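Next come the chains, spelled out residue by residue.
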Amino acid sequence: MATTPRTTTALVVPELNGQFELQEVQLNEIQPEEVLVEIEATGICHTDLSCAIGLLPCRPGAVLGHEGGGKVLSVGSAVTHVTPGDLVLLSFSHCESCGPCLSGTPAHCYSFNVRNFSGSRPLPTLPDGSVDASQLTGDPAEDPARATFVTKDGGKPLFSQFFGQSSFARHTLVHRSSCVKVPQDTNLALFSSLGCGMQTGAGAVLNTLGVKPGSSIAVFGVGSVGMAALMAAAHIAKCKTIIAIDLQPSRLELAKKLGATHGVLGNVPDVKAEVRKICPPVGVDYAVDCTGAVPVIKTMIDVLGTKGRGATVGAPGFGKTVQVDVMEHLTYGKEYVGSCEGDSCPKEFVPFLIEQHAKGNFPMDQFVTYYDMKDYKQALEDTHKGKAIKAVLKW
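Residues numbered from 1 in each chain as written. Predicted model: local features only at pLDDT ≥ 70, side-chain atom pairs only at ≥ 80, totals over all residues. Heavy atoms only, no water.

(A) Local environment of the overall build of the chain. When helices and strands are counted, the chain shows 12 helices and 17 strands. Taken against the 2.2 N^0.38 rule, which gives 21 Å for 395 residues, the C-alpha radius of gyration of the chain at 21 Å falls within 12% of a compact globule. In terms of overall dimensions, the chain has a C-alpha envelope of 65 × 45 × 40 Å along the principal axes. Within the chain, contacts between residues at least 6 apart in sequence are counted, and of these 68% link residues at least 24 apart. Roughly 15,900 Å² of accessible area belongs to the chain as shown, and the carbon and sulfur atoms make up 52% of that amount. Across the chain, the mean location of the 33 positive side-chain charges is 5 Å away from that of the 38 negative side-chain charges. (Helix = DSSP H or I, 4+ residues; strand = E, 2+ residues; numbered from the N terminus. Rg over C-alpha atoms; globule rule 2.2 N^0.38 Å. Contact = heavy atoms within 4.5 Å. Areas by Shrake-Rupley, 256 points an atom, 1.4 Å probe, with all protein chains shown as cover. Lys, Arg positive; Asp, Glu negative; His and termini not counted. Charge placed at Lys NZ, Arg CZ, Asp CG, Glu CD.)

(B) Looking closely at the sheet that holds strand E14 (residues 304-312). One open sheet holds the 6 strands; their spatial order is E12-E11-E10-E13-E14-E15, and the pairing between them is parallel. Because the sheet does not close on itself, it has two edges, and the strands there are strand E12 (262-265) and strand E15 (335-338). Averaged over all adjacent pairs, the angle separating strand axes in this sheet is 20°, with direction ignored. Sitting on the sheet, helix H8 (residues 271-278) touches strand E10 (216-220), strand E11 (241-246), E12 and strand E13 (284-289), and the angle it makes with E11 is about 160°. (Pairing = 2+ DSSP bridges. Axes fitted to C-alpha atoms, helices over the stretch in contact; angles between N-to-C directions.)

(C) The arrangement of the sheet that holds strand E7 (residues 149-151) in detail. Spatially, 4 strands are ordered E4-E1-E2-E7 in an open sheet, and the strand pairing comes out antiparallel. Looking at the sheet topology across the chains shown, the edges are occupied by strand E4 (62-63) and E7. Where strand E1 (residues 7-13) lies against strand E2 (residues 21-27), 6 bridges are found, and the strand directions are antiparallel. The partner of Thr 8 across the bridge, within E2, is Val 25.

(D) Here's a closer look at the nonpolar core. In terms of nonpolar packing, the biggest core is built from 52 residues, with Leu 194, Ile 217, Leu 230 and Met 364 touching the most fellow members. Each residue touching Ile 217, except ones within four places of it in the same chain, is listed here: Val 205, Val 211, Ala 233, Cys 239, Thr 241, Ile 242, Ile 243, Val 284, Tyr 286, Ala 287 and Val 288. In this structure, Val 63, Phe 162, Phe 163 and Ala 391 belong to the second largest nonpolar core, which totals 42 residues. (Core = buried A, V, L, I, M, F, W, Y, C linked by side-chain atoms within 4.5 Å. Buried < 20%, exposed > 50% of the residue type's maximum accessible area, 1.4 Å probe, protein only.)

(E) Quick peek at the packing of aromatic side chains. Tallying each qualifying case throughout the model produces 8 aromatic pairs. A cation over an aromatic ring shows up here: Lys 394 above the ring of Tyr 370, its NZ or CZ 5.3 Å from the ring centre. (Phe/Tyr/Trp six-rings, centres within 6.5 Å; stacked < 30°, edge-to-face > 60°. Lys NZ or Arg CZ within 6 Å of the ring centre and 35° of its normal.)

(F) Quick peek at the pattern of salt bridges. Taken as a whole and assessed by the stated rule, the structure comprises 15 salt bridges. Residues Arg 121 and Glu 34 are paired through a salt bridge, measuring 2.6 Å at the closest nitrogen-oxygen approach. One end of the pair, Arg 121, is in the loop between helix H3 (112-117) and E7; the other, Glu 34, is in strand E3 (residues 34-43), with 87 residues separating them in the sequence. Neither residue differs from the other here; Arg 121 and Glu 34 are each classed as buried. One salt-bridge network, held together by shared partners, links Glu 33, Glu 96 and Arg 176. (Salt bridge = Lys/Arg side-chain N within 4 Å of Asp/Glu carboxyl O.)

(G) Fine view of helix H12 (residues 376-385). Where H12 is concerned, the buried positions are Tyr 376, Ala 379, Leu 380, Asp 382 and Thr 383. One side of H12 holds all its buried residues, which, seen down the axis, span an arc of 165°. Opposite the buried face of H12, at more than 90 degrees from it, the exposed residues are Lys 377, His 384 and Lys 385. Following H12 by one or two positions, Gly 386 adopts a phi angle in the positive range, close to 85°. (Arc of directions from axis to C-beta.)

(H) A look at the pairing of E3. Where burial is concerned, most of E3 is hidden: 8 out of the 10 residues are buried. Relative to strand E8 (residues 171-175), E3 runs antiparallel, the two sharing 5 bridges. Paired with Val 35 across the bridge in E8 is Val 174. Pairing of E3 with strand E17 (residues 390-394) involves 3 bridges; the strand directions are antiparallel. Within E17, the residue paired with Gly 43 across the bridge is Val 392.

(I) Quick peek at the packing of helix H5 (residues 197-208) against helix H6 (residues 224-236). At a minimum axis distance of 7 Å, the contact between H5 and H6 shows a crossing angle of 40°. When the interaxial angle is binned, H5 and H6 end up oblique. Judged by the sense of rotation from one axis to the other, the crossing of H5 with H6 is right-handed. Each of Gly 197, Met 198, Thr 200, Gly 201, Ala 202, Val 205 and Leu 206 in H5 lies in contact with H6, whose residues at this interface are Ser 224, Val 225, Ala 228, Ala 229, Ala 232, Ala 233 and Ile 236. (Parallel < 35°, antiparallel > 145°, perpendicular 65-115°, else oblique. Left-handed = near helix turned anticlockwise from the far one by under 90°.)

(J) Just the pairing of E2, in detail. Examined bridge by bridge, E2 and E7 share 3 bridges and lie antiparallel to one another. Counterpart to Leu 27 in the pairing with E7 is Phe 149.

(K) Fine view of unusual backbone geometry. At the junction of Pro 280 and Pro 281, the peptide bond is cis and its omega measures out at 0° in the coordinates. Following the sequence through the fold, Pro 281 ends up in the loop between H8 and E13. Positive phi, normally seen in glycine, also occurs at Glu 96, with a value near 75°. Looking at the element boundaries, Glu 96 is found in the loop between strand E6 (87-90) and helix H2 (99-102). Here Glu 96 falls in the partly exposed class, since its relative accessible area comes to 32%. Although it is not a glycine, Asp 343 adopts a positive phi angle of roughly 50°. Checked against the element boundaries, Asp 343 lands in the loop between E15 and helix H11 (346-358).

Here it is as structure tokens:
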């Protein structure tokens, strides 16, 4: 076990204005449930970008990153499933003890939001997953002991252990629940994004919606999450009709190469009518929204046919609502559900997707672009502009 803090380099968000910068930071001492990981690569997810501008919970002085892959350097006393030298892919944090965690659906852990968005080591929670303020003394955001990273000069706590990992750093302290052990020959850079984006898209299709062979599905937004959804629909679930919907023609062309049977531009006057032309008379069997945009979510629900099932995986931010035509929903027997992390159990689903890639069923290598960490500004710019569908930073 490591007994002294170490200095490392991290990509920090100094203010919530979307700007990042590389800084030297200090790691706190490892705790019993933590794993010290040397990060090799980490994917850039739109959740990181949303936090960096304050759309999702964050604070100035944040170390984000939640699609990491690296090597275990040391482990805390309560960690038994990984040992120094193991390779790990990193996913979300979960409590391991609530009903959803014990039933195999840790993505719906009662304390998911507290554990993954509080910017600190796990806080004490009530049975419903909310913070138990009676066990706190002062503001946890100001307590250096609750942070995994502190400033190099002065020891001021940084927003850290984001999704249990904060993997925009060369070295990081990861909660044990976020660690998925993988074989020594695993391509960590390629598969780093399985921990969030890829498992979210694929899981929405395979786990949340339970898409059936020969059925039809519409995927709204074919960035990396949407591409994962359509690949799973085409090659694993064996859908017959797969409609990709996006604002960028180039993405629709790539989507067709990866398994989509049709492409629809998202800015056509009537998306619902276009979908019904492809899947007459009333629409698709399944649909997934990967944009998190409320108007798009409404359209997704509208294109569902009889007994159609739709899921949202894009995060619009807290407090957003969508209108539903209740009578249409009722008479068509539609279902609209949420899907967090694709209803995935990472220790099972991440290895499954690696296996599917080896079989040619999940060709995510077709849209991953690699950047050296020093070129992070270019990676972020390419992500914002849509030039890079999945940008991965490598140390």
